[in-house]
Amino acid sequence: QVQLVESGGGEVQAGGSLRLSCAASGRTFTMGWFRQAPGKEREIVAAITRAATNTHYADSVKGRFTISKNNAKNTVHLQMGNLKPEDTAIYYCASTKDYTVPSVASSAYTYWGQGTQVTVST
């Protein structure tokens, strides 16, 4: 069983930066960051394979966000820059249960964290 715990959320002004972290217990594979804003469906933000050889970013965050992972510490991070009010959402960390290419579908991920709130103000 894999447990995921996110941290690093908070409130920041537009144009600012935040770094989200996800600490995992247990063996993780492809890791993803998703977000869900009020009244909207959960959407992929970024994903990274276990060996960090393959990444995926949503078009809306390309060039602003960077996903990285540290297998020795079993952590995955999301560095977010030039934040915009539309980035406001609950951000979730997720892991698949086997080796797979980065998937944009939430159904591909088996394990989920509890989420961390990111609020970007104007």
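Residues numbered from 1 in each chain as written. Predicted model: local features only at pLDDT ≥ 70, side-chain atom pairs only at ≥ 80, totals over all residues. Heavy atoms only, no water.

**Some points on the overall build of the chain**
Right, so step 1: Across its full length, the chain carries zero helices and 11 strands.
Right, so step 2: Start at the N end of the chain and walk to the C end: the helices and strands fall as β-β-β-β-β-β-β-β-β-β-β.
Right, so step 3: What you see for the chain is a C-alpha radius of gyration of 13 Å, in line with the 14 Å of a compact globule of 122 residues.
Right, so step 4: Taken over 122 residues, the chain has a buried fraction of 47%.
Right, so step 5: In the chain, the share of contacts with a sequence separation of at least 24, taken over all contacts with a separation of at least 6, comes to 59%.
Right, so step 6: Counting every atom, the chain has about 6,100 Å² of accessible surface; 47% of that belongs to carbon and sulfur.
Right, so step 7: Taking the average place of the 12 positive charges on the side chains of the chain and the average place of its 8 negative ones, the gap between the two points comes to 9 Å. (Helix = DSSP H or I, 4+ residues; strand = E, 2+ residues; numbered from the N terminus. Rg over C-alpha atoms; globule rule 2.2 N^0.38 Å. Buried < 20%, exposed > 50% of the residue type's maximum accessible area, 1.4 Å probe, protein only. Contact = heavy atoms within 4.5 Å. Areas by Shrake-Rupley, 256 points an atom, 1.4 Å probe, with all protein chains shown as cover. Lys, Arg positive; Asp, Glu negative; His and termini not counted. Charge placed at Lys NZ, Arg CZ, Asp CG, Glu CD.)

**Focus: the nonpolar core**
Looking at soluble globular proteins, one finds that nonpolar side chains tend to be buried together.
Right, so step 1: Formed by 28 residues in total, the largest nonpolar core has its most connected members in W33, L78, M80 and Y91.
Right, so step 2: When residues in this core are grouped by element, the largest group, four residues, is from strand β3 (residues 18-25).
Right, so step 3: Setting aside anything within four residues of it in sequence, one finds L78 in contact with L18, R19, L20, W33, V45, A46, F65, T66, I67 and Y91. (Core = buried A, V, L, I, M, F, W, Y, C linked by side-chain atoms within 4.5 Å.)

**Some points on the environment of T30**
Right, so step 1: Along the chain, T30 falls in the loop between β3 and β4 (31-36).
Right, so step 2: Between the C-alpha atoms of T30 and E6, which are 24 residues apart in sequence, the distance is 16 Å.
Right, so step 3: If we skip the residues at most four places from it in the chain, T30 touches I48, T49, R50, A94, S95, T96, D98, T100, V101, P102 and Y109.
Right, so step 4: Within the local environment of T30, its side chain forms a polar contact with the backbone oxygen of T100, the two atoms lying 2.5 Å apart. (Polar contact = N/O pair within 3.5 Å; in protein donor to acceptor, adjacent residues only side chain to side chain.)

**Let's talk about the packing of aromatic side chains**
Right, so step 1: This model, assessed by the stated rule, comprises five aromatic pairs.
Right, so step 2: Between the aromatic rings of F34 and Y109, the centroid separation amounts to 5.1 Å while the plane-to-plane angle is 80°, which identifies the pairing as edge-to-face. Here the residue F34 occupies a position in strand β4, and Y109 occupies one in the loop between β9 (89-95) and β10 (111-112), the gap between them amounting to 75 residues. Here F34 and Y109 have matching classes, each one buried.
Right, so step 3: Three or more aromatic residues link up through ring pairs in this structure, and these residues are F34, Y92, Y109 and W112.
Right, so step 4: Over the aromatic face of Y92 sits the side chain of R42, whose NZ or CZ is 3.9 Å from the ring centroid.
Right, so step 5: We note R42 situated over the ring of W112; from NZ or CZ to the ring centre the distance is 4.7 Å. (Phe/Tyr/Trp six-rings, centres within 6.5 Å; stacked < 30°, edge-to-face > 60°. Lys NZ or Arg CZ within 6 Å of the ring centre and 35° of its normal.)

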